[in-house]
Amino acid sequence: IIMHEMIRVIRSARTQGEERGIIQRECADIRSQFRQGDNGERSHSLAKLLYVHMLGYPAHFGQMECVRLIASPRYSEKRIGYLGAMMLLDEKQDASLLITNSIKNDLSHSSQYVQSLALCTLACMGSAEMCRDLAPEIERLLRASHSYIKKKATLCAVHIIRKVPELAELFTPSARTLLSEKNHGVLHGAVVLITELCERNPDTLVQFRKAVPELVQIMKGLVTSSYSPEHNVAGISDPFLQVRILRLLRILGHNNDTASDAMNDLLAQVATNTDSSKTAGSAVLYETVLTIMDINSESGLRVLAVNILGRFLLNNDRNIRYISMTSLQKIVQTDHNAVQRHRGTIVDCLKDQDTSVKRRALELSLALVSAVNIRSMMKELLIFLSVCPPELRSQTASGIFNAAERYSPSKRWHIDTILHVLTTAGGDVRDETVPNLIQLITTASELHCYTVHKLYRALIKDIAQQSLVQVACWCIGEYGDLLLKGECEEIEPVQVTEDDILDALETVLQSHMSSPATRGFALTATMKLSTRITDNVDRIRSIVSIYGSCIDLELQQRAVEYNALFKKYDHMRAAVLERMPVMDKNSPGHTNGDTSGEIKEPDTSKPKPVEAGLLSEPASQVCDLLDLLGGTDTPLQPSPAPTSTPTTTSSADLLDLLGGLEIKPVPTVSVYEKNGLSLKIQCDKQTETEVTVTLIASNSTQNDITNFTLQAAVPKSVQLQMKAPSGNVIPAHGLGQVTQTVLLNNPNKASLPCFRFVQLSFLLN
Amino acid sequence: VLSLTVQPRCKIIRFILIQNRAGKTRLAKWYMQFDDDEKQKLIEEVHAVVTVRDAKHTNFVEFRNFKIIYRRYAGLYFCICVDVTDNNLAYLEAIHNFVEVLNEYFHNVCELDLVFNFYKVYTVVDEMFLAGEIRETSQTKVLKQLLMLQSLE
């Protein structure tokens, strides 16, 4: 049956099973045709088979048929054969080698359409071997032929170079001459070819830099020519060619002043004259912006580029807003002020309906928070947190914490903000939030009364958010006496009785919503209150003794110990449970914390979460300190031109590593995590005067990091001794590590917190 | 899936797909080496990702470690899979260019045209895209060539 009929029959099948039956019959028919039909019938059958293949059914028995039909002298048969080859054959099949000869012959065929079929097929599925065999033919076609063939030949050359990079030199000379072609299609192919050549070989790139003036001329012609009907898209003259030329200019101008200068005027011209009312124009403008940002352009040009991006932000088309934010994200570090001007629009994009746009807006907004705009930005971010999609919650929460950490105008504001986040999205915050918040609260001693009141009120409203409940319990335990006083400057007075407080804590203890850790907090808080309240101590005694037989082992142990504290060690109870000293994090970079005083010896009976707060150093905080210290932070951008020789050199990052010299076991702490490189500190040994740590570096990117070195500097009172590192190459994909042992000697037992600056330098390929 | 990563940051079109809402492939042009089962998987994944989006989403979707630029015309999704650093808008225009050519060539194209003349659709693709790059963008030129080729049949 003829093909259209077959298609109709297949489509009329009502079930999958019926369709399979029809297909099976047809395939049997096709197979018999292959065996005995003549060429015409066989090509027809192959066409039918290709349709069947498109529906997802196996069709490998047609592969040899393709080979045979390609060799046929008739165009219509060749054509089906080649189509079949492109659809059914790929490099892995042996049959593909068999068509190499046919392709070779067809490349010199008298009809350009046959030549074109051969070129197309080679460019589509040519294996490395086939490419090697036929490369000289392609090179010949590049020079000699009709523009219709030249177009295909240039792209075929691109394919060949991708498969067999060593052949690039073969095509370099012809590529250069192709730039003088007038035919847009050929020109386009030539630009693509040159781009490919330059990306693979830096020497070729240097060579083609000389072509920059020529490329600039071509672009000028495109931009100013009034009307080129054939390639016109929405009033833009061949936007695709413009985009490709801009991309090539970007590669040629990158890191090279002469080339960048030569294209400065052109870029300004394109940026100002291109009409961006339709997508085509915007596409060209976008590519222009990318180019401006990536070469050594004058600052005026850069401002122009950022303004274009800002205009994009106001565009009605969501697509354009999205890509604008993607680009702004990349330049927000380097051109911070320019991007700040568009902050309002970016914040508005938080309300867009597309989640990917929201995500971009969130990242940008967080990057734009500064000491000046912190209050207004935080308002927006908190609103966003309450309405944002669940997948963005945890990112938003961490972002808010970081911003608050760095730019809080006051401690009270800081505490309020964190509380707000905990009430809105307590389930999505990191575990370190609880100890961090507790530590923050202790340092704000003037706000203890305010804080405990606020927390108490939040607690009686809702006990579902574990982190909030934990902090509230801790505060109530610690500052319960202030709560009972009833009045506080910054909050309306509410009368709270001892029973109220104990009720609240007991609710937490008994609720099924409370996690075991939370209940631990509540129990300890209840115990602490025994020294802060006067009337209801007996109630506390009975609560504690009930939990002495609790199933949860942790609670039971605590209850038993507290019981002992009531009975046998009652004389010690007041001392053990007294108010805790102000907890200092050893962090001089804290913008709103005071680095006052030394760390006193902590009581061993203090509840565990507090110790966790002292010891953990969240990696994100250290990274923020990076910016505070003004470290030269050039992010390793994935360069648009991947070369095989290392081009991105080391970025010297200044890390502030904070290690205390107290006698406390410190776990392995991660202090640097960026771009796939991560650095951990592991404390090996500690005595009164000496600390031994091991620095462990690992690499999760795709390429090895070589020439990795660490240097450290310490204050004068401390002696530093760095042992030899285990190596200076960190293998990719986390397959290995580099370790280095460091000895810190503090003979004077100075109890000041010790700062250590570490400088990393490395080469990333 | 290792075969999706030819080299880091290789800016070529990985594949072009035309699918209908039900997930039936009307055209699949691959510019990189994939096994048959990988191809099937990719087709299913693209379908899943693209059909849940509507007018309030952008035309760009992040997909594995690349992105898909797509556009919906009636019941058909035209998808191009490119590198994350590529220019989204340019490819959006390329899709539209392609669809306009189809429209001209088939005289107000509809899905059935693409079904019954699938081999012709491949010819159109091969005139406009090659080796994972945009090849010819002038609609007039492409249509002229297509008519020439048709006369040879």
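Just so it is clear, the model here is predicted, and its values are computed rather than measured.

K.L.:
Honestly, the overall build of chain B in this entry has me stumped. Any pointers?
P.N.:
Helix and strand content of chain B: five helices and seven strands. Sequence-ordered secondary structure for chain B, helices as α and strands as β, is β-β-α-β-β-β-α-α-α-β-β-α. The burial tally for chain B puts 63% of its 153 residues in the buried class. Summarising the internal contacts of chain B: among those between residues at least 6 apart in sequence, 52% fall at separations of at least 24. Approximately 5,700 Å² of chain B is accessible, and the part contributed by carbon and sulfur atoms is 54%.

K.L.:
Help me understand the sheet that holds strand β2 (residues 25-30) of chain B, please; the structure alone is not making it clear to me.
P.N.:
Pairing between sheet strands relies on hydrogen bonds along the backbone, with the strands arranged either parallel or antiparallel. All names here are of chain B. Spatially, the five strands line up as an open sheet ordered β2-β1-β5-β4-β3, and their pairing is antiparallel. A strand with exactly one partner marks an edge of an open sheet, and here the two such strands are β2 and β3 (60-63). With strand direction ignored, the average angle separating the axes of adjacent strands in the sheet is 20°. Relative to strand β5 (residues 76-82), strand β4 (residues 66-73) is paired through seven bridges, and the arrangement is antiparallel. Within the sheet, the bridge partner assigned to Tyr 70 lies in β5 and is Cys 79.

K.L.:
I'm lost on helix α30 (residues 516-529) of chain A in this one. Help?
P.N.:
Working note: α-helix, 3.6 residues per turn, so residues spaced by three or four point in the same direction. Residue and element names in this part refer to chain A. Its 14 residues place the ends of α30 20 Å apart at the C-alpha level, agreeing with the 20 Å of an ideal helix rising 1.5 Å per residue. Counting buried residues along α30, 11 of its 14 residues qualify, which places the element largely inside the surrounding structure. Along α30, the residues that are buried comprise Thr 518, Gly 520, Phe 521, Ala 522, Leu 523, Thr 524, Ala 525, Thr 526, Met 527, Lys 528 and Leu 529.

K.L.:
Please clarify how the state of the cysteines should be interpreted in this entry.
P.N.:
Each disulfide is one covalent bond, formed between the sulfur atoms of two cysteines. Residues and elements named next belong to chain A. Across all of its chains, the model carries zero disulfides over all chains by this definition. With no disulfide of its own, Cys 120 has Cys 124 as its nearest cysteine by sulfur position, at a separation of 6.8 Å. Cys 156 provides the cysteine sulfur closest to Cys 131, a residue in no disulfide bond, and the two sulfurs are 6.9 Å apart. Residue class for Cys 131 comes out buried when judged on its relative accessible area of 0%.

K.L.:
Would you take a moment to explain the packing of aromatic side chains for this structure?
P.N.:
Within a pair of aromatic rings, the relevant descriptors are the distance that separates the centres and the angle that separates the planes. In total, this model carries 12 aromatic pairs over all chains according to the counting rule given. When the ring of Trp 474 of chain A is compared with that of Tyr 479 of chain A, the centres are 6.2 Å apart and the planes differ by 80°; the resulting orientation is edge-to-face. With relative accessibility at 3%, the residue Trp 474 of chain A sits in the buried group. What makes Tyr 479 of chain A buried here is its relative accessible area of 2%. Within the aromatic cluster, the residues linked to one another by ring pairs are Tyr 73, Phe 78, Phe 98 and Phe 129 of chain B. Positioned over the ring face of Phe 61 of chain A is Arg 31 of chain A, at 4.0 Å from the centre of the ring.

K.L.:
I keep staring at the interface of chain B and chain A and nothing clicks. Help me out?
P.N.:
Reports of interface size often rely on the accessible area that becomes lost once the parts have come together. Chain B puts 57 residues into the contact, and the matching count from chain A is 63 residues. Taken together, the two surfaces of chain B and chain A that pack against each other cover about 5,800 Å², and 56% of this comes from carbon and sulfur. Area buried by chain B at its contact with chain A is led by Leu 89, Phe 116 and Phe 118 of chain B, which between them contribute 11% of it. At the surface where chain B touches chain A, the tally comes to seven salt bridges. Between Glu 133 of chain B and Arg 162 of chain A there is a salt bridge, with its nearest N and O atoms 2.7 Å apart. Here chain B is connected to chain A by 18 residue pairs in polar contact (both at pLDDT 80 or more).

K.L.:
Would you explain the pairing of β5 of chain B in this entry?
P.N.:
Each regular strand shows side chains that alternate between the opposite faces of the sheet. Residue and element names in this part refer to chain B. Of all seven residues in β5, seven are buried, a share of seventy percent or more. With burial as the criterion, each face of β5 is covered, one bearing Leu 76, Phe 78, Ile 80 and Val 82 and the other bearing Tyr 77, Cys 79 and Cys 81. Sheet topology note: the strand β1 (residues 15-20)/β5 ladder contains six bridges and is antiparallel. Bridging across to β5, Phe 15 finds its partner in Cys 81. Hairpin connection between β4 and β5: a loop of two residues separates the two successive antiparallel strands, and Ala 74 in this loop has a positive phi of roughly 50°.

K.L.:
Could you clarify how one ought to interpret the nonpolar core in this entry?
P.N.:
Considering soluble globular proteins, one finds that nonpolar side chains tend to be buried as a cluster. Counting 262 residues, the largest nonpolar core has Ile 138 of chain A together with Phe 129 of chain B as the members making the most contacts within it. Setting aside its immediate chain neighbours within four residues, Phe 129 of chain B contacts Ile 13, Ile 16, Tyr 31, Ile 80, Ala 94, Phe 98, Ile 134 and Arg 135 of chain B. In this structure, Ile 12, Leu 17, Val 50 and Ile 68 of chain B belong to the second largest nonpolar core, which totals 20 residues.

K.L.:
How should helix α8 (residues 112-125) of chain A be read in this particular structure?
P.N.:
End to end, α8 of chain A covers 20 Å across 14 residues, agreeing with the expected 20 Å (1.5 Å per residue, within 8%). Of all 14 residues in α8 of chain A, 13 are buried, a share of seventy percent or more.

K.L.:
I would appreciate a short explanation of unusual backbone geometry in the present structure.
P.N.:
Negative phi is the rule for most residues except glycine; trans is the rule for most peptide bonds. All names here are of chain B. Positive phi, normally seen in glycine, also occurs at Arg 64, with a value near 45°. Exposure remark for Arg 64: the relative accessible area of 33% places this residue in the partly exposed category. For Ala 131, which is not a glycine, the phi torsion comes out positive at approximately 50°. With respect to the element layout, Ala 131 can be found in the loop between β6 (129-130) and β7 (133-134).

K.L.:
Looking at this structure, I do not really get the confidence of the model for chain B. What am I missing?
P.N.:
Reading predicted coordinates in detail is not appropriate for stretches of low pLDDT. All names here are of chain B. Confidence along chain B averages 88 in pLDDT terms, with 94% of residues attaining 70 or more. Mean pLDDT per element in chain B: β3 is the minimum at 88, and β5 is the maximum at 95. The low-confidence segment residues 1-6, where pLDDT is below 50, has 13 contacts with residues more than four positions distant or belonging to other chains.

K.L.:
What should I look at first to understand the side chain of His 57 of chain B in this one?
P.N.:
Inspection of the secondary structure assignment puts His 57 of chain B in the loop between α1 (36-51) and β3. We classify His 57 of chain B as buried; its relative accessible area is 18%. Leaving out residues up to four positions away in the same chain, His 57 of chain B has contacts with Arg 318 and Asp 354 of chain A together with Val 52 and Tyr 70 of chain B.

K.L.:
It is not clear to me how the environment of Arg 412 of chain A should be interpreted in this structure. Could you clarify?
P.N.:
Residue and element names in this part refer to chain A. Its location among the elements puts Arg 412 in helix α25 (residues 411-425). Since its relative accessible area comes to 29%, Arg 412 is described here as partly exposed. When the C-alpha atoms of Arg 412 and Leu 447 are compared, they prove to be 7.1 Å apart, with 35 residues separating the residues in sequence. Looking at Arg 412, its side chain comes within polar contact range of the side chain of Tyr 450, at 3.3 Å.

About the thresholds
Starting afresh in each chain, residues are numbered from 1 along the sequence in its written order. Whichever chain is written first is A, and whichever ligand is written first is 1; the rest continue in order. With the structure being a predicted model, the display of local features is reserved for residues of pLDDT at least 70 and the display and counting of side-chain atom pairs for 80 or more, all residues being used for whole-chain, interface and lining totals. Side-chain numbers here rest on the full set of heavy atoms in the structure, without hydrogens or water. Counting from the N terminus, the helices are the DSSP runs of H or I reaching at least four residues and the strands are the DSSP runs of E reaching at least two. Summary of the burial criterion: residues with accessible area below 20% of their type's maximum are buried, those above 50% are exposed, and those between are partly exposed, where the area comes from a 1.4 Å probe applied to protein chains only. Two residues form a contact once any of their heavy atoms are found within 4.5 Å. Every accessible area reported is derived by Shrake-Rupley at a probe size of 1.4 Å, with residue values counting cover from the shown protein chains alone. DSSP calls a pair of strands paired once it identifies at least 2 bridges connecting them. Between N-to-C directions, angles span 0 to 180 degrees; the directions come from axes that are lines fitted to C-alpha atoms, helices contributing only their stretch in contact. By definition here, a helix of n residues has an expected span of 1.5 Å times n minus one. Here, two cysteine sulfur atoms that lie within 2.5 Å of each other are counted as a disulfide. Ring pairs are drawn from Phe, Tyr and Trp, using the six-membered ring of Trp, whenever the two centres fall within 6.5 Å, and their geometry is named by plane angle: stacked under 30 degrees, edge-to-face over 60, tilted for the rest. Only when the NZ atom of a Lys or the CZ atom of an Arg is both within 6 Å of the ring centre and within 35 degrees of the ring normal do we say a charge sits over the ring. We define buried area as the total accessible area lost by two parts upon association, computed with a 1.4 Å probe and summed across both. Put simply, a salt bridge is a Lys or Arg side-chain nitrogen that is within 4 Å of an Asp or Glu carboxyl oxygen. We call two N or O atoms a polar contact when they sit within 3.5 Å, provided that within protein one can donate a hydrogen and the other can accept it, with sequence-adjacent residues counted only if both atoms are side-chain atoms. Here, nonpolar core means buried Ala, Val, Leu, Ile, Met, Phe, Trp, Tyr and Cys residues that are tied together by side-chain atoms lying within 4.5 Å of each other. Confidence of the predictor at the level of single residues is given by pLDDT, which spans 0 to 100.

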